[in-house]
Amino acid sequence: MSLDPAIAARLKRDAQGLVAAIAQQHDTREVLMLGWMDDEALHRTLTSGRVTFWSRSRGEYWRKGDTSGHAQIVKSVALDCDGDALLVTVDQIGAACHTGDRTCFDAGDLGATISPDAPAGGEA
């Protein structure tokens, strides 16, 4: 089996055939991590109930949690308006980051200056 051709036609892949996939906790909306998917990884994610990524460094598929036990249970998968990014909402079991942190974005705020022209609440 392979990825539905109608879905495949909507994807805009990079030069390596990959699309960025953002994992987000389904109930808290916490951003957990960024991974990469090709058509096969997306197909596996859509049909198995568990998130599968393509490892650029190892050159192989990996299903989140198979070795660590820190699984990502799929709740939904959405494609952005440009077709070049996926949002995978999950129920994260354990840590999402390979460092053992809950999220890969715990490395620290970079101290961006907030524009004084920004609307109340900091939203653009």
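Residues numbered from 1 in each chain as written. Predicted model: local features only at pLDDT ≥ 70, side-chain atom pairs only at ≥ 80, totals over all residues. Heavy atoms only, no water.

Visitor: Break down the overall build of the protein chain for me, citing the residues and quoting the values.
Guide: From N to C terminus, the protein chain includes 2 helices and 6 strands. Along the protein chain, helices and strands appear, N-terminal first, in the series α-β-β-α-β-β-β-β. Principal-axis analysis of the C-alpha atoms places the extent of the protein chain at approximately 50 × 35 × 30 Å. Buried residues in the protein chain amount to 32% of all 124 residues. Pairs at least 24 residues apart make up 42% of the contacts formed inside the protein chain by residues separated by at least 6 positions. When the accessible surface of the protein chain is totalled, it reaches about 7,700 Å², and 53% of it is carbon and sulfur. For the protein chain, the distance from the average position of its 12 positive side-chain charges to the average position of its 18 negative side-chain charges is 7 Å. (Helix = DSSP H or I, 4+ residues; strand = E, 2+ residues; numbered from the N terminus. Buried < 20%, exposed > 50% of the residue type's maximum accessible area, 1.4 Å probe, protein only. Contact = heavy atoms within 4.5 Å. Areas by Shrake-Rupley, 256 points an atom, 1.4 Å probe, with all protein chains shown as cover. Lys, Arg positive; Asp, Glu negative; His and termini not counted. Charge placed at Lys NZ, Arg CZ, Asp CG, Glu CD.)

Visitor: Account for the sheet that holds strand β2 (residues 31–37), with residues named and values stated.
Guide: Read from one edge to the other, the open sheet built from 4 strands follows the order β2-β1-β6-β5, with strand pairing classed as mixed. In the strand order of this sheet, the two ends are held by β2 and β5 (72–79), each with one partner. Put simply, the sheet's adjacent strands are angled 25 degrees from each other on average, direction ignored. Both β5 and strand β6 (residues 85–92) contribute to a ladder of 7 bridges, which runs antiparallel. Counted as the bridge partner of V77 is V88 from β6. (Pairing = 2+ DSSP bridges. Axes fitted to C-alpha atoms, helices over the stretch in contact; angles between N-to-C directions.)

Visitor: Could you give an account of the pairing of β2, with specific residues and numbers?
Guide: Bridge analysis of strand β1 (residues 19–25) against β2 gives 6 bridges, and the strand direction is antiparallel. By the bridge assignment, I22 is partnered in β2 with L34.

Visitor: Summarise the nonpolar core; cite the residues concerned and give the values.
Guide: Formed by 18 residues in total, the largest nonpolar core has its most connected members in M37 and V51. Those elements that place two or more of their residues in this core are β1, β2, α2 (39–48) and β6. For M37, the residues in contact, after removing those within four places along its chain, are G17, L18, V19, A21, L42, T45, V51, T52, F53, W54, L86 and V88. (Core = buried A, V, L, I, M, F, W, Y, C linked by side-chain atoms within 4.5 Å.)

Visitor: Before we move on, could you go through the pairing of β1 and cite the residues and values that matter?
Guide: Of all 7 residues in β1, 6 are buried, a share of seventy percent or more. What sits between β1 and β2 in their antiparallel hairpin is a turn of 5 residues, with R29 showing a positive phi close to 70 degrees. Relative to β6, β1 runs parallel, the two sharing 6 bridges. Directly across from A23, in β6, lies its bridge partner V88.

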